[in-house]
Amino acid sequence: MRRRYVMSVIAVGAAAAYLLAVRPRQLRWGATDQESDQSLPGDALIANPDLTATRAITVHVAADQVWPWIAQLGQGRGGFYSYDALENLVGCDIHSADQIVPQWQAITVGDQVKLHPEVGLDVAVVEQGRALVLRGGVPMGTVPPPYDFTWAFVLQEQPDGTTRLLVRERFAYTQRWAPLLVEPVAVVAFVMTQRMLHGIRDRAERGSRPTT
């Protein structure tokens, strides 16, 4: 009994520590306070989100050299530049590209960006060269997703010629039990998004270097 009590206290303490210390940093990784608080393309699609994450990275090239990597996101296209092996454990069949493919550059509102051969998000906003916003959710078999979701990729070119790449996720819960699903997914999303931001940055910067 005493051991169970101690383990319960430890579990509660660990959960509290995560919520108070770790979770806020995960939800704002790499982003400044201004970037986290500012309005971005696609925000109006979910006016009152229950969960928002804004993550960012600096890319040392102009925005027009980053955009092609954003434009070709998706399963069956350029992939997501993250941990392909982990995504493929659940059958996503992701193969992240290391080059810009011209036939994957055209993307318009109403298109679908696949996460999995059978699951995709709708293209809700395209600001050519600046922003791509996806919207939708991942159903669980025949059960629709218990949330509305937007996933925004925004480029902000800086005076020094670098580009800030911001990725924002916004969830609006439509079922009471949605947090039980979304909160664990948000932890995984942090790991995958962090890798994706580095993957896009490295590809864009590598592509700008002269070949020898």
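1. Describing the overall build of the protein
Next up, step 1: Check the secondary structure of the protein and you find 5 helices and 6 strands.
Next up, step 2: Listed by position from the N terminus, the elements making up the protein come as α-α-β-α-α-β-β-β-β-β-α.
Next up, step 3: Buried positions account for 43% of the 212 residues belonging to the protein.
Next up, step 4: Of the contacts formed within the protein by residues at least 6 apart in sequence, a portion of 62% connects residues at least 24 apart.
Next up, step 5: Element-wise, carbon and sulfur atoms account for 57% of the exposed surface of the protein, whose accessible area totals about 11500 Å².

2. Details of the pattern of salt bridges
Next up, step 1: All chains considered together, the criterion is met by 10 salt bridges.
Next up, step 2: A salt bridge links Glu-127 to Arg-130; its shortest N-O distance comes to 2.5 Å.
Next up, step 3: The network of salt bridges with shared partners includes Asp-43, Arg-168 and Arg-170.

3. Focus on the environment of Cys-92
Next up, step 1: You can see Cys-92 is positioned in the loop between helix 4 (84-88) and strand 2 (112-116).
Next up, step 2: Overall, the relative accessible area of 11% leaves Cys-92 in the buried class.
Next up, step 3: Sequence separation between Cys-92 and Lys-114 is 22 residues; the distance between their C-alpha atoms is 9.1 Å.
Next up, step 4: Aside from chain neighbours lying at most four places away, what touches Cys-92 is Gln-75, Glu-87, Leu-115, His-116 and Pro-117.

4. Here's the deal with a nonpolar patch on the surface
Next up, step 1: Together, Tyr-83, Leu-86, Leu-89, Val-90 and Val-191 line one region of the surface with nonpolar side chains, adding up to about 490 Å² of accessible area.
Next up, step 2: In this fold, Leu-86 is placed in helix 4.

5. Details of unusual backbone geometry
Next up, step 1: The phi dihedral of Tyr-81 is positive, around 55°, even though this residue is not glycine.
Next up, step 2: Mapping Tyr-81 onto the fold places it in the loop between helix 3 (67-71) and helix 4.
Next up, step 3: The residue Asp-93 is not glycine, and still its phi comes out positive at about 55°.
Next up, step 4: Examined against the element boundaries, Asp-93 turns out to sit in the loop between helix 4 and strand 2.

6. What to know about the environment of Gly-91
Next up, step 1: Within the secondary structure, Gly-91 is located in the loop between helix 4 and strand 2.
Next up, step 2: Since its relative accessible area comes to 35%, Gly-91 is described here as partly exposed.
Next up, step 3: For Gly-91, the contacting residues outside a window of four places in its chain are His-116 and Pro-117.

7. What to know about the sheet that holds strand 1 (residues 51-59)
Next up, step 1: Overall, antiparallel pairing links the 6 strands, which are arranged 1-6-5-4-3-2 in an open sheet. The open sheet terminates on both sides in strands that have one partner only, identified here as strand 1 and strand 2. Between one strand and the next, the sheet's axes are offset by a mean angle of 20°, whatever the strand orientation.
Next up, step 2: Sitting on the sheet, helix 5 (residues 178-207) touches strand 1, strand 5 (147-157) and strand 6 (163-173), and the angle it makes with strand 1 is about 10°.

8. Details of the confidence of the model for the protein
Next up, step 1: Here the protein averages 89 in pLDDT, and 87% of its residues register 70 or above.
Next up, step 2: This stretch, residues 1-21, has a pLDDT under 50; its non-local contacts, to residues over four places away or in other chains, come to 6 contacts.

9. Let's talk about the layout of surface pockets
In this approach, a probe sized like a water molecule rolls over the atoms, and the result shows the empty space that is left.
Next up, step 1: Approximately 930 Å³ is the volume found for the largest pocket.
Next up, step 2: Around the largest pocket, the lining comprises 28 residues; the ones closest to its centre are Leu-115, Val-138, Val-185, Val-188 and Met-192.
Next up, step 3: Looking at the lining of the largest pocket, the elements with two or more residues in it are helix 4, strand 2, strand 3 (119-127), strand 5, strand 6 and helix 5.
Next up, step 4: The biggest single contributor to the lining of the largest pocket is helix 5, with 8 residues.
Next up, step 5: For the lining of the largest pocket, the class distribution of residues is 22 nonpolar, 4 polar and 2 charged.

10. Some words on the packing of aromatic side chains
Next up, step 1: Applying the stated criterion to the full structure yields 6 aromatic pairs.
Next up, step 2: Each ring, one from Phe-149 and one from Phe-171, has its centre 4.7 Å from the other, and the planes form 35°; the classification is tilted. Taken together, the residues span a long stretch of sequence, with Phe-149 in strand 5 and Phe-171 in strand 6 at a distance of 22 residues.
Next up, step 3: Owing to a relative accessible area of 10%, Phe-149 belongs among the buried residues under this scheme.
Next up, step 4: Classification of Phe-171 by relative accessible area gives buried; the value is 7%.
Next up, step 5: Put simply, the rings of Phe-80, Tyr-147, Phe-149, Trp-151, Phe-153 and Phe-171 touch in pairs and so form one group of aromatic residues.

The rules behind each value
Residues numbered from 1 in each chain as written. Predicted model: local features only at pLDDT ≥ 70, side-chain atom pairs only at ≥ 80, totals over all residues. Heavy atoms only, no water. Helix = DSSP H or I, 4+ residues; strand = E, 2+ residues; numbered from the N terminus. Buried < 20%, exposed > 50% of the residue type's maximum accessible area, 1.4 Å probe, protein only. Contact = heavy atoms within 4.5 Å. Areas by Shrake-Rupley, 256 points an atom, 1.4 Å probe, with all protein chains shown as cover. Salt bridge = Lys/Arg side-chain N within 4 Å of Asp/Glu carboxyl O. Patch = residues over 30% accessible without salt bridge, like charges linked within 9 Å, V, L, I, M, F, W, Y side chains within 5 Å. Pairing = 2+ DSSP bridges. Axes fitted to C-alpha atoms, helices over the stretch in contact; angles between N-to-C directions. pLDDT = per-residue confidence, 0-100. 1 Å grid on protein atoms, 1.4 Å probe; cavity = no way out; pocket = protein on both sides within 12 Å on 5 of 7 lines; lining within 4 Å. Points joined across faces, edges and corners; volume = space filled by probe spheres on them. Nonpolar A, V, L, I, M, F, W, Y, C, P; charged D, E, K, R; others polar. Phe/Tyr/Trp six-rings, centres within 6.5 Å; stacked < 30°, edge-to-face > 60°.

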